[in-house]
Each structure stands twice: as structure tokens, then as C-alpha cells.
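As a plain string of letters, each chain reads:
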Amino acid sequence: GQQVMQIPQYQHVQEGEDFTTYCNSSTTLSNIQWYKQRPGGHPVFLIQLVKSGEVKKQKRLTFQFGEAKKNSSLHITATQTTDVGTYFCAGPGGTSYGKLTFGQGTILTVHP
Amino acid sequence: GAVVSQHPSRVICKSGTSVKIECRSLDFQATTMFWYRQFPKKSLMLMATSNEGSKATYEQGVEKDKFLINHASLTLSTLTVTSAHPEDSSFYICSASLGYEQYFGPGTRLTVT
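Heads up: these notes are all about the structure in this document. (Residues numbered from 1 in each chain as written. Chains lettered and ligands numbered in written order. Predicted model: local features only at pLDDT ≥ 70, side-chain atom pairs only at ≥ 80, totals over all residues. Heavy atoms only, no water.)

1. Quick word on the overall build of chain B
Each helix and strand counted, chain B has 0 helices and 11 strands in total. Counting only C-alpha atoms and orienting by the principal axes, one finds that chain B spans roughly 40 × 30 × 20 Å. Looking at the 113 residues of chain B, the share that counts as buried comes to 50%. Pairs at least 24 residues apart make up 52% of the contacts formed inside chain B by residues separated by at least 6 positions. A total of about 5,500 Å² of accessible surface is found on chain B, and carbon and sulfur atoms cover 52% of it. Chain B carries 11 positive and 9 negative side-chain charges, and their two centres are separated by 8 Å. (Helix = DSSP H or I, 4+ residues; strand = E, 2+ residues; numbered from the N terminus. Buried < 20%, exposed > 50% of the residue type's maximum accessible area, 1.4 Å probe, protein only. Contact = heavy atoms within 4.5 Å. Areas by Shrake-Rupley, 256 points an atom, 1.4 Å probe, with all protein chains shown as cover. Lys, Arg positive; Asp, Glu negative; His and termini not counted. Charge placed at Lys NZ, Arg CZ, Asp CG, Glu CD.)

Dropping the structure here:
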């Protein structure tokens, strides 16, 4: 079945530094979604990318979808302590609408 | 935005007993809901797809007789962990779709003693 690999597993940064997490799929994805899970919380939808080569920005967050639609990245500029959490990418997980296959997640720690 | 609730948020039960977890979509209808299991600092593992009015679809390796799912209405799905054992202790999260976004419940922390 489809696998979505995400790296790195952990990332520690000083506040103000940039952060990037990468997601790779073994197959072409029709779309990719990104979620954030705060410590002790539940995943919250951030964005969906659909088009080849698409780039979307949300304030300090930049999301990219590769030309081949097999990889994606999330880049945070000038991290803040509020960015702490686990960032997951997720691709379509099958025929059921809404079914997702999640990457392993990247746990981001921001040191003040 | 759409809200999904789960109840209970935490439960401790004795080995051999059964526990029911409820997942509700509060302000929208969901014909499909999903149940995940998450271990500490790990990803979400999809357990099953809950379909309103029909049988749930289980992922490979998930025992359907152990994890009973019922989706009796468009706003409620329940997951019952039967004959729970300590290895079933985990964080269980449900989600429901609204458009292409998944809205997750706050999760249920199950501890089996």
C-alpha cells in the first residue's frame, strides 16, 4: 500500500531559526495535507496542496508540493515557541473519501 | 469551524472489561468517520473507517471483534474496546470529514490496568 515517509523525526531549534520538514511518497499523490498536533492535543488541519509544483503560504509557514506530486515540504521561517508541536503530512489513504495515510510526523521543539 | 467531540477524554479500566468511546460531530453530519490509534510521540495509525448505516471497514491487522464500531447516526460513531488488555492502552482519536478537511476529536486516553 501507499507509504508516506516524513523526515526528520525530531527537530530542535532556537527561537528565531527556520525549520523544515519533508514528506515523500512511494506513489504519485492526488493531493497532500498538512496537520499540526500540539503537545497533548489533537491534529488540526493546516492546508491541502493539489497542483503540481504548488506553493502556498500562511504567514510564516510555506508549503510546497513537488512537480512529480510525490514529495512535499513545510517550512517555518523564524520559529516561535508557539510553533512547538508535531507536524504531519498526509496523503489519500484509499478509496474511502477522507481516508488518509499519515507520515511519521516531525516533532518540533523550539528553545526560547 | 466544524467541531468533533469525544467522550470520555480519559478512562481507566480493568483488564477483561469493555470500554465504549463516543465520537460526535457537533455541527455537521458525517456519513464517514475514522478511528485512529496513537502511541506516544508516534504517528496516527488508522484502525477503521466507520460508515453510517453499514459495517465498518477495518485496516489490515485490526481485530474487528475486539474493536467494535457502530455508526448509528450521521453524528455519532462509537468504538468499543472489548475484553481490554494492558496492550490496548493508548490514545484513540476519531475524525470526520467536512469537505476535504478532516476534523479530529480531542482524543480518548485509555489505560487498562
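2. Quick notes on the nonpolar core
Generally speaking, a soluble globular protein has its nonpolar side chains buried in company with each other. With 25 residues, the main nonpolar core has W35, F67, L79, Y92 and L110 of chain B as its most contacted residues. Listed in part, the 19 residues of the second largest apolar core include V13, L61, F65 and V110 of chain A. (Core = buried A, V, L, I, M, F, W, Y, C linked by side-chain atoms within 4.5 Å.)

3. Considering the sheet that holds strand 1 (residues 4-7) of chain B
Hydrogen bonds along the backbone pair up the strands of a sheet, which may run parallel or antiparallel. All names here are of chain B. The 4 strands lie next to each other as 1-3-8-7, forming an open sheet whose pairing is antiparallel. In the strand order of this sheet, the two ends are held by strand 1 and strand 7 (67-73), each with one partner. With direction set aside, neighbouring strand axes in the sheet form an average angle of 15°. (Pairing = 2+ DSSP bridges. Axes fitted to C-alpha atoms, helices over the stretch in contact; angles between N-to-C directions.)

4. Quick look at the state of the cysteines
Per the stated rule, a full pass over the model turns up 2 disulfides over all chains. Disulfide pairing is shown between C23 of chain A and C89 of chain A; the S-S distance is 1.8 Å. Taking the sign of the torsion about the S-S bond as the criterion, the disulfide between C23 of chain A and C89 of chain A, at about 65°, is right-handed. In this pair, C23 of chain A is assigned in strand 3 (residues 19-25) and C89 of chain A in strand 9 (residues 85-92), connecting sequence segments 66 residues apart. Across the pair, exposure class does not vary: C23 of chain A and C89 of chain A are buried alike. Note that C23 of chain B is cross-linked by a disulfide to C94 of chain B, the S-S spacing being 2.0 Å. Because the sign of the S-S torsion sets the handedness, a value of about 80° for the bond joining C23 of chain B and C94 of chain B places this disulfide among the right-handed ones. With C23 of chain B in strand 3 (residues 19-25) and C94 of chain B in strand 9 (residues 90-98), the pair connects residues that are 71 residues apart, well separated along the chain. Note on C23 of chain B: relative accessible area 0%, which makes it buried. Residue classification places C94 of chain B among the buried positions, given a relative accessible area of 0%. (Disulfide = S-S within 2.5 Å.)

5. Topic: the pattern of salt bridges
Residues and elements named next belong to chain B. What the rule picks out here adds up to 5 salt bridges over all chains. The salt bridge partner of R24 is E22, with a shortest N-O separation of 3.4 Å. Classification of R24 as partly exposed rests on a relative accessible area of 34%. We note a salt bridge from K66 to D88, for which the minimum N-O separation is 2.8 Å. Of this pair, K66 sits in the loop between strand 6 (57-58) and strand 7 while D88 sits in the loop between strand 8 (76-81) and strand 9, and the two are 22 residues apart along the sequence. Judged by relative accessible area, which is 11%, K66 ranks as buried. For D88, a relative accessible area of 4% translates into the label buried. (Salt bridge = Lys/Arg side-chain N within 4 Å of Asp/Glu carboxyl O.)

6. Things to note about the interface of chain A and chain B
With 20 residues of chain A at the contact, the number on the chain B side is 21 residues. The contact between chain A and chain B buries some 1,600 Å² in all, and 57% of this surface belongs to carbon and sulfur atoms. Linking chain A with chain B are 1 salt bridge, by the criterion used here. Residue K99 of chain A is joined to E59 of chain B by a salt bridge in which the shortest nitrogen-to-oxygen separation is 2.8 Å. Remark: the boundary between chain A and chain B carries 6 residue pairs in polar contact (both at pLDDT 80 or more). (Buried area = accessible area lost by both parts, 1.4 Å probe. Polar contact = N/O pair within 3.5 Å; in protein donor to acceptor, adjacent residues only side chain to side chain.)

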